2 protein chains.
Amino acid sequence: MHRVFLRDAGPDADRVLTIVGEEARHALRVKRLGPGDALELLDGEGAVHSACVEAFDKQGRGEWIMRVRIERTERRPPISPGVHAVVAAPKGPHLDEMISQLSQVGAASWSPLRSERSVSEPGEKRLDRLRRIAEESSKQCGRAWAMRIGTLTTFDDALAPAPAIVVADPEAEVYRPTRSPEIRLLVGPEGGWSKRELERALEAGAQVARFGPHAMRLETAAVVATAVILELERNHPEARSALPGDL
Amino acid sequence: MHRVFLRDAGPDADRVLTIVGEEARHALRVKRLGPGDALELLDGEGAVHSACVEAFDKQGRGEWIMRVRIERTERRPPISPGVHAVVAAPKGPHLDEMISQLSQVGAASWSPLRSERSVSEPGEKRLDRLRRIAEESSKQCGRAWAMRIGTLTTFDDALAPAPAIVVADPEAEVYRPTRSPEIRLLVGPEGGWSKRELERALEAGAQVARFGPHAMRLETAAVVATAVILELERNHPEARSALPGDL
């Protein structure tokens, strides 16, 4: 099923949408869709529209337009629990790949973390590109809610009160489910956390946990920690939790 | 701690080793090690040698040699359970990245899978390069046992009798621990499994399981499935297992 991500477009009164630019060109030239063909439209905020192509057309400077008719709309809930990954940005292309993988495994959001040893902070332009990557990934894996790209978060702000805060550290204990509907996950830079940061995390009531037998590159750690948290919280209610009564 | 991977080198009678080529140059020029500095030597088969630099020297065509003295040798067991990932090769650079990530999360081995819809089969030269990537990753994450790179495996061979066989499929049920010391994990190509392949997997007694709320790219699925299996099998003995008595 071909999927199109809707940017700044809401359904018209008559349920017909006009899709322009790259999405229209791709549907026609690469996917070779034609009138009557079915496709799925995602708004990235829970709406999944089943639609079909009405027509392709050209406007002004030869840009393609695709008109589609919405036949059915389904509203899906976001993945629960919401895992909000606050992760130091890896350098170079690893960041793009991490955003795609975090989206595939089901993170609710990613925000760049500034910590004592973090080395890279994406600017506005880069963050915009990452939003596009998250949207592209939504189409590939059929996410009804696109992963949100947040803004630069300091370590102190990342420890602000929250239902559950988890700090990934390869030297720590095994993760215990929190049974919380919203989980903030902190993953540090290649250089790891400073002693002071780990102390502050414990003071703030965070669970410091490891997510595998070895040290991992930060982008692998972020993706794997998100996947393990979602798997345990969603699918293994019998697993021993971090709640006092379960210890 | 600087780590060196030993290729085709065993400890001498007098516990002094000679390391040549890129590893020697890297230790001197990039890591700026000198006589007396400590380092760790990995043989990729469980031996971790604590050693120190004795001297650097140049041979013939200006190639660097590093002489090191082994001070202590520790033998570590492999990660248990052994997860043997038999995974269709993704195209292009994604394969290199998948090998590195599988090594980081702790897979015992990876072998390329030939299935009905697989599209890429690495040749001998590529497999050799993947071995190097697995060795490099061992140094980064401190793996005592390097991830083994296996040979092309057909779908039928991948279903040959084994203590536990797991087939990843995004439409299937949640993974249940097998309590087996060796687990063969099959991950299919982007096009997924054919109906016939899924039937054959079930006939062979495989557990068909999903590892996240969305469909994932095959390399993400392989890495995440390995990580989730290791986490549940190693650290959550209380999780409901696939054994008949536990269902």
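Residues numbered from 1 in each chain as written. Chains lettered and ligands numbered in written order. Predicted model: local features only at pLDDT ≥ 70, side-chain atom pairs only at ≥ 80, totals over all residues. Heavy atoms only, no water.

For the rest of this paragraph, the subject is the interface of chain B and chain A. Listed as interface residues are 37 residues of chain B and, on the opposing side, 37 residues of chain A. Both faces combined, the contact of chain B with chain A buries some 3000 Å², and carbon together with sulfur accounts for 55% of it. Where chain B meets chain A, there are four salt bridges. As a salt-bridge pair, B:Arg176 and A:Glu238 come within 3.7 Å of each other at their nearest N and O atoms. The interface formed by chain B and chain A holds 15 residue pairs in polar contact (both at pLDDT 80 or more) in total. The element that contributes the greatest number of residues to the side of chain B that touches chain A is helix α6 (residues 218-235) of chain B, accounting for nine residues. For the side of chain B that touches chain A, the class distribution of residues is 16 nonpolar, twelve polar and nine charged. (Contact = heavy atoms within 4.5 Å. Buried area = accessible area lost by both parts, 1.4 Å probe. Salt bridge = Lys/Arg side-chain N within 4 Å of Asp/Glu carboxyl O. Polar contact = N/O pair within 3.5 Å; in protein donor to acceptor, adjacent residues only side chain to side chain. Helix = DSSP H or I, 4+ residues; strand = E, 2+ residues; numbered from the N terminus. Nonpolar A, V, L, I, M, F, W, Y, C, P; charged D, E, K, R; others polar.)

A separate point is the sheet that holds strand β2 (residues 16-20) of chain B. Each strand in a sheet pairs with another by means of backbone hydrogen bonds, the pair being arranged parallel or else antiparallel. Residue and element names in this part refer to chain B. An order of β1-β3-β4-β5-β2 is seen for the five strands of this open sheet, with the pairing classed as mixed. A strand with exactly one partner marks an edge of an open sheet, and here the two such strands are β1 (3-5) and β2. The average angle at which neighbouring strand axes cross in this sheet is 40°, direction not considered. Pairing of strand β3 (residues 38-42) with strand β4 (residues 47-59) involves five bridges; the strand directions are antiparallel. Looking at β4, one finds that glutamate 40 is bridged to serine 50. Relative to the sheet, helix α1 (residues 22-30) contacts β1, β2, β4 and β5 (63-75), its axis offset from that of β5 by approximately 90°. Along the sheet, helix α3 (residues 124-141) makes contact with β1 and β3, crossing β1 at roughly 155°. (Pairing = 2+ DSSP bridges. Axes fitted to C-alpha atoms, helices over the stretch in contact; angles between N-to-C directions.)

A separate point is the relation of the copies chain B and chain A. Placing chain B over chain A gives an RMSD of 0.0 Å and needs a rotation angle of 180°, together with 0.0 Å of translation along the axis. Both copies of the chain, as the preceding transformation shows, are related through a two-fold rotation axis. Of every C-alpha in chain B, the one belonging to B:Ala239 sits nearest the axis of rotation, 2.6 Å from it. Both copies present the same face, since 100% of the interface residues in chain B are matched by interface residues at the equivalent positions in chain A. (Least-squares fit on C-alpha atoms with pLDDT ≥ 70 in both.)

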